[in-house]
Amino acid sequence: MARAAVTGGSGKLGRAVVRHLVEHGWDVVNLDRRPSPDGHDPYSQIDLTDYGQAVEALTRIDDRYDGVDALVHLAAIPAPGLQPNSAVFRNNMLASYNVFAAARLAGIDNIVWASSETVLGLPFETPPPYLPVDEEYAPRPESTYSLVKTMEETMVDQFCRWNPDLKATGLRFSNVMYPEDYAKFPSFNDDPALRQWNLWSYIDARDGALAVRLGLEREGTGKEVFVIASPDTVMTTPTADLVAAHYPDLELKRPVSGHETLLSIDKARRLLGYDPNHTWRDHV
Ligand SMILES: NC(=O)c1ccc[n+]([C@@H]2O[C@H](COP(=O)([O-])OP(=O)(O)OC[C@H]3O[C@@H](n4cnc5c(N)ncnc54)[C@H](O)[C@@H]3O)[C@@H](O)[C@H]2O)c1
């Protein structure tokens, strides 16, 4: 059985990822500075800003496990504003450098990591270049949190250049949601401005977990980044009407239908076989 280390496995997205990988035959080690409410075992408490701890965690921790085959790096302060920017930079950048460098030392050449929709230019005070947004234009970070996500994507280019066998998959997740979050969704339609900051998108945690597994299992080497969102918006207003009302001057790269997301998941569908099967509409 292949073993994956999941950093941040106790977090909102991480819990769904750990569960999904175990269900699909992966042996999973949770590396986090706090235990999981799910009680997943093995768990090792770790501060990834300490390089020594990251190296140990990706090689061997006593009799708990001996080596891992793949790394899923999710640990981070997960949004702008939760802590002062310098603290976000320090924690997220250092942790990511440490896990990528430790993985290199440990000979792990299969990595999936959490990037973010924010690199697409959220909250879009400067409108995006076109709709639906995709991976084809350069990152536009508008916060320190997003700057770190952008720097991580750049850093990974060099890790891949240093190790041509490395496969590194960056997932630009939309806003992570669980079914219990869906009760408030119908109210979003009353005020489109409430969720305009990410083009009315979201990602069901279970489909986020699916994308992680597909990233681990994809063929090939080198870096790829993918926008990962649920297939629909949070709105009941059709997507074409939202575009007409809020972005009448933007180029529409292709027609949009129904409630389709404006965060294009076309690349993930094409290269990962990502086929999300959860929508808030089934829960309210
Ligand atoms: N939540 C979202 O809407 C969202 C959207 C896009 C991207 N992301 C990204 O997805 C990932 C997971 O987000 P989440 O919502 O599950 O966040 P979360 O806060 O629920 O979980 C993150 C976990 O990382 C751990 N962690 C943070 N720094 C650590 C460190 N230095 N050492 C060890 N553990 C550490 C925390 O203890 C926590 O359990 C993050 O990288 C985040 O930036 C989240």
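Because the structure is predicted, anything quoted here is derived from the model rather than measured. (Residues numbered from 1 in each chain as written. Predicted model: local features only at pLDDT ≥ 70, side-chain atom pairs only at ≥ 80, totals over all residues. Heavy atoms only, no water.)

1. Overview of a nonpolar patch on the surface
A cluster of nonpolar side chains, namely Phe89, Leu147 and Met151, defines an oily patch on the protein surface of about 220 Å² accessible area. The residue Phe89 is located in helix α3 (residues 85-106) in this model. (Patch = residues over 30% accessible without salt bridge, like charges linked within 9 Å, V, L, I, M, F, W, Y side chains within 5 Å. Areas by Shrake-Rupley, 256 points an atom, 1.4 Å probe, with all protein chains shown as cover. Salt bridge = Lys/Arg side-chain N within 4 Å of Asp/Glu carboxyl O. Helix = DSSP H or I, 4+ residues; strand = E, 2+ residues; numbered from the N terminus.)

2. Focus: the packing of helix α1 (residues 12-23) against helix α6 (residues 205-217)
Here α1 crosses α6 at 55 degrees, and the two axes come no closer than 8 Å. One way to sum up the angle between α1 and α6 is to call them oblique. Pair α1 / α6 crosses with right-handed handedness. Counted together, Leu13, Ala16, Val17, His20 and Leu21 of α1 and Ala205, Gly208, Ala209, Leu210, Val212, Arg213 and Leu216 of α6 form the full contact between these two elements. (Axes fitted to C-alpha atoms, helices over the stretch in contact; angles between N-to-C directions. Parallel < 35°, antiparallel > 145°, perpendicular 65-115°, else oblique. Left-handed = near helix turned anticlockwise from the far one by under 90°. Contact = heavy atoms within 4.5 Å.)

3. So, the confidence of the model for the protein chain
For the protein chain, the average pLDDT comes to 97, and 100% of its residues sit at 70 or higher. The secondary-structure element of the protein chain with the lowest mean pLDDT is strand β5 (residues 65-66), recorded at 88, while strand β9 (residues 167-173) shows the highest, at 99. (pLDDT = per-residue confidence, 0-100.)

4. Thoughts on the layout of surface pockets
Empty space within the largest pocket amounts to approximately 940 Å³. Ala76, Ile77, Pro78, Ala79 and Tyr145 are, among the 41 residues lining the largest pocket, the residues nearest its centre. Where the lining of the largest pocket is concerned, the elements lending two or more residues are α1, β2 (27-32), α3, β7 (110-116) and α4 (144-162). Broken down by element, the residue count for the lining of the largest pocket peaks at four residues, all from α1. Of the residues contributing to the lining of the largest pocket, the split by class is 20 nonpolar, twelve polar and nine charged. Quantified by volume, the second largest pocket comes out at close to 170 Å³. In terms of lining residues, the second largest pocket is bounded by Ala16, Arg19, His20, Glu23, Arg206, Asp207, Ala209, Leu210, Asn277 and His278. (1 Å grid on protein atoms, 1.4 Å probe; cavity = no way out; pocket = protein on both sides within 12 Å on 5 of 7 lines; lining within 4 Å. Points joined across faces, edges and corners; volume = space filled by probe spheres on them. Nonpolar A, V, L, I, M, F, W, Y, C, P; charged D, E, K, R; others polar.)

5. With respect to the side chain of Thr169
By the secondary structure assignment, Thr169 is in strand β9. Thr169 gets classed as buried once you look at its relative accessible area, which sits at 0%. Discounting chain neighbours no more than four positions away, the residues touching Thr169 are Ile111, Val112, Trp113, Gly215, Arg218, Glu224 and Phe226. (Buried < 20%, exposed > 50% of the residue type's maximum accessible area, 1.4 Å probe, protein only.)

6. Side note on the environment of Ala70
For Ala70, the position within the fold is in strand β6 (residues 70-73). The spatial distance from the C-alpha of Ala70 to the C-alpha of Val28 is 9.6 Å, given a sequence separation of 42 residues. Once residues within four sequence positions are removed from consideration, Ala70 is found in contact with Arg3, Ala4, Ala5, Trp26, Ile108, Asn110 and Leu216.

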